[in-house]
Each structure stands twice: as C-alpha cells, then as structure tokens.
Amino acid sequence: MTGPATGATAFRGEILHFTGDPALEGPAAVHHHEDGLLVVSNGRVADCGDAQALLPTLAEGTAVVDHRGKWILPGFVDTHVHYSQTDIIASYGEQLLDWLERFTFPAERSFADPQHAREVADFFLAEALKNGTTTAAVFATVHPESVDAFFAAASARNLRMAAGKVLMDRNCPEFLRDTPESGYEDSKALIARWHGTGRLSYAVTPRFAPTSSERQLELAGRLLDDHPGVLLQSHVAENVGEVQWVAELFPWARSYLDVYDRYGMLRRGAVFAHCIHLDDANRRRMAATGAAMSFCATSNLFLGSGLFDLEAARGAGAVVGIGTDVGGGTAFSLLRTLNESYKVLQMRGQRLPAVEGFYLITLGGARALALDAHIGNFERGKEADFVVLDPASTPLRARRSRLAQDCDERLFMLMMLGDDRAVHATYVMGEPIYRA
Ligand SMILES: [Zn+2]
C-alpha cells in the first residue's frame, strides 16, 4: 500500500466519529483525533486517523485542507422532517390535531403546484446544508409532484436523501385526499422513478394511522414487501388525544403501534416519529423488528406533546435517531435539537452526554434509516459527507471553549450553544457545498 491514489484530498482538524453507540459500547465506539486527518478519494473515505501518522502516507501532490481549530464530524442525519412545512415553522398556539387542521393542511395544499414545491425544496435543502444536515427522512405531501420536486432538488446537489408521498385517504380535507388505489399506484411509480437513483431512497409515507383506512395501510405494507430496500416513515404516539383517537378508530388494536404492526410496517428501515406514549411491550416490539424511533425534542415541547423516554427506548434495545420535525419543530439545526433533547431528558431525570448526542445525529441517525452501510461515520469506503464545526463562531462560544478543561466539555459547549453559526462548512461526497 502506498496510500490513497493521487487526486485524493485530505482534511485536517479535530475529528470525531463513532463505530457504535457509546452508551452501549463505551469509549471503544468513540473515535477522537485531536489533530486528525480525513482522507477522501473519489467522494469516499480513503482513510481517517491521526494527522502525524497519516500525513507521511499521502501520495505526492495530495491537497491538505487545513481546518485545524475546528471539528470535523460526519454529516448530520435528520430522521424526521417535513419539507412541506418549512413555511409554517413557528405557527402559534395549537397542539397536534388542531395544529394539523389550522396550519398544516392549508400549507400542504399548495404543493400541488410543482413550481411552488421546487422553490420550497430548494430553500429547505439550502437551510439543511447550512445547518450541517446532509441526510434526512423527509415528508412531502399527498401530491406526487411534491416528491418529484424534492428529489429533483436533492439530486441536483448529489445528496443522500429519503422522501415519500404522503398516503392519506380519510379524516383530512378533500383537497388532500388520495384513495388506497391511487396512493398505491402513485407510490409505485415514484419508487420506480426515484428509488436507488443516485443517492436517493424512497420512503413509503402513511401520514399516521388516523388518516389512512385499513385498506390503505394494507397496501402500504404491500409496497414494502414488493420493494425490498424501500424505507417507511410515519408518526406514532405523539399526543394523548391522538392516541385516544386511534383507539376509537382501530378498536381491535392492542395499542397504536399495533396498528402498524398488523400491516407489516415494523421492520428495519422503518422510522416512527415521536414514540412518546408507548409502553415497554411496544418498545420491545420495535427493537425486535428493527423499526426505529425518531426523538423530536423541539417539536414535542412546542406542540406540548410529551417527553421522550430515551432510557426506556435504550433499555428495550430500540434503534433511536433524532428528528427536527420542522414545522412542528422549531429549528432546522440538529445542534439546537440536541440542546432541547438534553433538557427533555433532564425533566425525566436522564442524562445525555455530548458524545451520545453526537452519536445520535450521525451514526445513530444513519442506523435508524438503515443507511449506515453508506454514511454515518468515517470508516473506509463510506461516502464522504461531513461537517466542519467552528467552536469559536461567536465571542461567547470562543470564550467558553477556551475555558473548557477537556474534549467532553468542549463538545458539550458545542451541543448546548451551537446552531447554524457553528457550521463553518458542509461537504457532500468530499466536495464543499456550503461555506459560512
Ligand atoms: Zn412529523
């Protein structure tokens, strides 16, 4: 071995990434290089380690981009977000069901217009990248055009993104309603057009159990069976009123989660937002099937939904990622979302160390979306999506960072004070796509 091929680029800075969940596997899962080097060749990770060890191995002529004084982490993964709700972020006063009626459904109506959809998709992706988010599981709307617009925008930027058309055939306004058959056919056509095209994944997207008939849920399960590798995204057990409504609509179900289970939706690559009002049998069922939970702290606080129980999720062995859930969530920033996650867990008497937080928004998120073969850390061969964080992006942060005693303290400062200003640059497949 003579090192990576000529044409490689190396990035020097303080590197942090994970090969496992530090909460379960301990320090062995945490890879920290204070003076680190990330070597990228043909858009993929060629090597990662200590700069002093790796610099002499670089092929002659390899460019070294100097990010010393800054952190280099894998690109952030947002496991639950609605691009179609970008424009209703920070809408006042309601809890889930009224919020949907009053703000969400009217906003989603305009995505029948492909031009509007594309304009919002471009804005949404620019905002995500500005916040260091390089992969997300994204709800479009009921309109197939809204998925075409989003995937076209993601494809133009070569992003690894997942999205899907909302399935919704009841308990919603007529103008947002599909039918079991049209929802199935539209989804099938979108899968054929986009799934596996470049870096894109399709996600079958029943909004939540109350807005789908049993026939529609059955056909959603069939889409998954017929298209291995396609993802699933939905919501479960977000709000107390919603949970009661599901019990009335599906009297045969033991629990809300049981509705999805009946139709074969619990599996690896299925991610369910919120997972607040679950019992331990539900959590163990998710763990056994590989279905993942998306913890959406800013949304859960903003809509008054409840407090996610990370310890119970982990105790049951469930896969967990973090979601911004914009527009119920109030920030595109996964750093700000970690800040609120920390506080939610404090209210439960639980802790969120910074290394665990950064695991959840990188490899944890990639695992939740079953994309960890491609992204999530800096193992050789992974796609080189990464973010460069500046710990001194404001005078307060610079000051607090200087006073920090160790790596954990510096990271915790970033997690609690960080936002889009902390993102110095975002890279996709080794190429800069955003710079502060
Ligand atoms: Zn949501």
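Structural data are supplied above this passage.
As a starting point, this report considers the structure included with it. (Residues numbered from 1 in each chain as written. Predicted model: local features only at pLDDT ≥ 70, side-chain atom pairs only at ≥ 80, totals over all residues. Heavy atoms only, no water.)

Regarding the layout of surface pockets
Convention followed: Buriedness of a pocket was judged along seven lines, with at least five required to meet protein on both sides within 12 Å; pockets are open sets of points on a 1 Å grid over the protein atoms alone, cavities are sets where a 1.4 Å probe fits but cannot get out, and lining residues have an atom within 4 Å of a point. Grid points are joined across faces, edges and corners, and a volume is the space filled by probe spheres set on the points. All amino acids are sorted into three groups, where Ala, Val, Leu, Ile, Met, Phe, Trp, Tyr, Cys and Pro are nonpolar, Asp, Glu, Lys and Arg are charged, and the leftover types, Gly among them, are polar.
By volume, the largest pocket amounts to about 240 Å³. Every residue lining the largest pocket is counted, 19 residues in all, and those nearest its centre are His195, Gly229, Val230, Leu231 and Ala370. For the lining of the largest pocket, the per-class residue count stands at eight nonpolar, seven polar and four charged.

A short note on helix α17 (residues 407–417)
Inclusion rule: Relative accessible area decides the class of each residue, using a 1.4 Å probe on protein chains only: under 20% of the type maximum gives buried, over 50% gives exposed, and in between gives partly exposed. Here a helix means four or more residues in a row that DSSP labels H or I, a strand means two or more in a row labelled E, and each is numbered from the N terminus. Polar contact is defined as a pair of N or O atoms within 3.5 Å, subject to the rule that within protein one atom must be able to donate a hydrogen and the other to accept it, and that residues adjacent in sequence are counted only when both atoms are side-chain atoms.
For α17, the set of buried residues is Cys407, Arg410, Leu411, Met413, Leu414, Met415 and Met416. A side-chain oxygen of the first residue of α17 lies 3.3 Å from the backbone nitrogen of Asp408; this N-cap is Asp406.

Some words on the packing of aromatic side chains
The description of two aromatic rings rests on the distance between their centres and on the angle between their planes. Formally: The criterion for an aromatic pair is that two Phe, Tyr or Trp rings (for Trp, the six-membered ring) have centres within 6.5 Å, with stacked assigned to planes under 30 degrees apart, edge-to-face to planes over 60 apart and tilted to the rest. Sitting over a ring, as applied to charges here, requires NZ of Lys or CZ of Arg to be within 6 Å of the ring centre and within 35 degrees of the ring normal.
The tally for this structure, following the rule as stated, stands at 19 aromatic pairs. Ring geometry for Phe151 and Trp194: centres 5.5 Å apart, planes at 40°, overall tilted. Of this pair, Phe151 sits in helix α5 (residues 144–156) while Trp194 sits in helix α6 (residues 180–194), and the two are 43 residues apart along the sequence. Comparing Phe151 with Trp194, the two get one shared label, buried. Measuring from ring centre to ring centre gives 6.4 Å for Phe208 and Trp245, while their planes differ by 70°; the resulting arrangement is edge-to-face. Within this pair, whereas Phe208 is found in the loop between β9 (201–206) and α7 (214–226), its partner Trp245 is found in helix α8 (residues 240–249), the two being separated by 37 residues in sequence. Trp245 gets classed as partly exposed once you look at its relative accessible area, which sits at 25%. A network of ring pairs unites the aromatic residues Tyr83, Phe111, Phe124, Phe150, Phe151, Trp194 and Phe332 as a single cluster. One cation-aromatic arrangement involves Arg109 over Phe175; the distance from NZ or CZ to the ring centre is 3.9 Å. Directly above the ring of Trp252 sits Arg262, whose terminal nitrogen or CZ lies 3.8 Å from the centroid.

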